[in-house]
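One-letter residues, chain by chain:
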Amino acid sequence: MKSAQDFYNNTEKREVISVIVQNEDSVLSRISNLFSARGYNIDSLTVAPIPNSDYSRFTIVTLGNARTIDQIVKQLNKLVPVLKVIEHKSAIEKDTVLIKIPVDENLSDIDVIARAYNGAIVNVTDDSIVISATDTPQRIANFINIIQKYKPTEIVGGGVVAMER
């Protein structure tokens, strides 16, 4: 019979981790190499400079059991340009998507659906409509599923960003 500890260590969970780093050449490469060298997967990765500083913030979404997540955090803390690793416990998460749809689809239907997901039509040309939406990762995934009936020609995800409440 498995103990509670065995169950905890074998149960995969989604984890959102933010990493504050010194802006240096090859930091992205070092972080992605850390994951690939150990066989860890990155579901989402966003990077942006922190305004008015010499630092950047990486937001990484990964899957793993408790032991794997613990190892990821320990390895990230060992990287030289890393100043801080934040394991989010109660975070606000947002994801963004841009979707291009042929212009022959019903513009008002698309607009109503986009607005339901905190989105809007951001561009219309002679042959396409571009929608942008920003919402929780789960709702963006649902939005992408719903919009499939309009035969999108291109979908570009922006990746998850997170901030502790």
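Look a little higher up for the structure.
Here we summarise the structure given alongside this text. These figures come from a predicted structure and were not determined experimentally.

This part takes up the overall build of the protein chain. Within the protein chain one finds 5 helices and 9 strands. Reading the secondary structure of the protein chain in the N-to-C direction produces α-β-α-β-β-α-β-β-α-β-β-α-β-β. By principal-axis analysis of the C-alpha atoms, the protein chain measures approximately 55 × 50 × 30 Å. With 165 residues in all, the protein chain has 39% of them scored as buried. Of all intrachain contacts in the protein chain linking residues separated by at least 6 positions in sequence, the fraction that spans at least 24 positions is 72%. Carbon together with sulfur atoms contributes 52% to the accessible area of the protein chain, which is approximately 9,700 Å² in total. Within the protein chain, the 20 negative side-chain charges are centred at a point lying 8 Å from the centre of the 18 positive side-chain charges.

Another point: the pattern of salt bridges. Any two side chains of opposite charge can pair if their charged atoms end up close together. Scanning the entire structure with this criterion turns up 9 salt bridges. The shortest N-O distance in the salt bridge between Glu87 and Lys89 comes to 4.0 Å. The exposure class assigned to Glu87 is partly exposed, which follows from its relative accessible area of 33%. Close ionic contact of Glu154 with Lys100 constitutes a salt bridge, the shortest N to O distance being 3.5 Å.

Along the polypeptide, Ser44 turns up in strand β2 (residues 42–49). Within the local environment of Ser44, its side chain forms a polar contact with the backbone nitrogen of Val160, the two atoms lying 2.9 Å apart.

Turning to helix α4 (residues 107–116), a few remarks are in order. Those residues of α4 that sit buried are Ile110, Ile113 and Ala114. Viewed along the axis of α4, the buried residues span an arc of 100°, placing them on a single side of the element. Residues of α4 that are exposed and point over 90 degrees away from its buried face: Val112 and Arg115. Packing partners of the buried residues in α4 comprise β5 (91–102), β6 (119–124), β7 (128–135) and α5 (137–147). Phi for Asn118, located one or two positions after α4, is positive at around 55°.

Thresholds, definitions, all that
- Residues numbered from 1 in each chain as written.
- Predicted model: local features only at pLDDT ≥ 70, side-chain atom pairs only at ≥ 80, totals over all residues.
- Heavy atoms only, no water.
- Helix = DSSP H or I, 4+ residues; strand = E, 2+ residues; numbered from the N terminus.
- Buried < 20%, exposed > 50% of the residue type's maximum accessible area, 1.4 Å probe, protein only.
- Contact = heavy atoms within 4.5 Å.
- Areas by Shrake-Rupley, 256 points an atom, 1.4 Å probe, with all protein chains shown as cover.
- Lys, Arg positive; Asp, Glu negative; His and termini not counted.
- Charge placed at Lys NZ, Arg CZ, Asp CG, Glu CD.
- Salt bridge = Lys/Arg side-chain N within 4 Å of Asp/Glu carboxyl O.
- Polar contact = N/O pair within 3.5 Å; in protein donor to acceptor, adjacent residues only side chain to side chain.
- Arc of directions from axis to C-beta.

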